[in-house]
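Each chain, letter by letter, is given below.
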Amino acid sequence: MSSEFNELLPVAQGERAQLWIISTRDQVIHLMNELYVRKVATDRVQFTPIIPAPFASGKYMTVLVR
């Protein structure tokens, strides 16, 4: 991953733990819901918006910031 992409992340490195979910759009949504139901994420607002993964064609991604 390039440092240019890291600069676009909404949180500074080392500030908080991050969980990256990269897959098809449906699988990303499913995993977001599963993490919420299992109380890994206390609120869906903790996830960044789903965006196309810039490094994987046809994949989408979100980041859970804890």
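Residues numbered from 1 in each chain as written. Predicted model: local features only at pLDDT ≥ 70, side-chain atom pairs only at ≥ 80, totals over all residues. Heavy atoms only, no water.

### Some details on the side chain of Ser23
Turning to its location among the elements, Ser23 is positioned in strand S1 (residues 18-23). For Ser23, a relative accessible area of 11% translates into the label buried. Those residues in contact with Ser23, other than ones at most four positions away along the chain, are Val28, Lys59 and Tyr60. (Helix = DSSP H or I, 4+ residues; strand = E, 2+ residues; numbered from the N terminus. Buried < 20%, exposed > 50% of the residue type's maximum accessible area, 1.4 Å probe, protein only. Contact = heavy atoms within 4.5 Å.)

### Observations regarding unusual backbone geometry
The phi dihedral of Lys39 falls on the positive side, at around 65 degrees, and the residue is not glycine. On the secondary structure map, Lys39 appears in the loop between helix H2 (25-37) and strand S2 (51-52). On the basis of relative accessibility, which here comes to 67%, the residue Lys39 falls in the exposed class.

### Concerning the packing of aromatic side chains
Any aromatic ring pair is given by two values, namely how distant the centres are and how the planes are angled relative to each other. Within the structure shown, the criterion is met by zero aromatic pairs. Lying over the aromatic face of Tyr60, Arg25 brings its terminal NZ or CZ to 5.6 Å of the ring centre. (Phe/Tyr/Trp six-rings, centres within 6.5 Å; stacked < 30°, edge-to-face > 60°. Lys NZ or Arg CZ within 6 Å of the ring centre and 35° of its normal.)

### Structural notes on the sheet that holds S1
Strand order across the open sheet formed by three strands is S1-S3-S2, with antiparallel pairing between neighbours. Each end of this open sheet is capped by a strand with a single partner; those strands are S1 and S2. Across two bridges, the pairing between S2 and strand S3 (residues 60-65) is antiparallel. Residue pairing for S3: Pro52 is matched across the bridge by Tyr60. On top of the sheet, H2 reaches S1 and S3; it is set at about 145 degrees to S1, its chief contact. (Pairing = 2+ DSSP bridges. Axes fitted to C-alpha atoms, helices over the stretch in contact; angles between N-to-C directions.)

### Focus: the environment of Leu35
Along the chain, Leu35 turns up in helix H2. The spacing of Leu35 and Leu64 is 29 residues in sequence and 9.4 Å in space, taken between C-alpha atoms. Leu35 has contacts with Ile21, Val40, Ala41, Phe47 and Leu64, leaving out every residue within four places of it along the chain.

### Things to note about the confidence of the model for the protein
Residue-level pLDDT values for the protein average 86, and 79% of them are 70 or greater. Ranking the elements of the protein by mean pLDDT puts helix H1 (residues 3-7) last with 63 and H2 first with 96. (pLDDT = per-residue confidence, 0-100.)

### Some words on the nonpolar core
Counting residues in hydrophobic clusters, the biggest one holds seven residues: Ile21, Val28, Met32, Leu35, Ala41, Phe47 and Leu64. In terms of residues, this core owes the most to one element, H2, which gives three residues. Other than its neighbours up to four places away in sequence, Leu64 contacts Ala17, Gln18, Leu19, Leu35, Val40, Ala41, Gln46 and Phe47. (Core = buried A, V, L, I, M, F, W, Y, C linked by side-chain atoms within 4.5 Å.)

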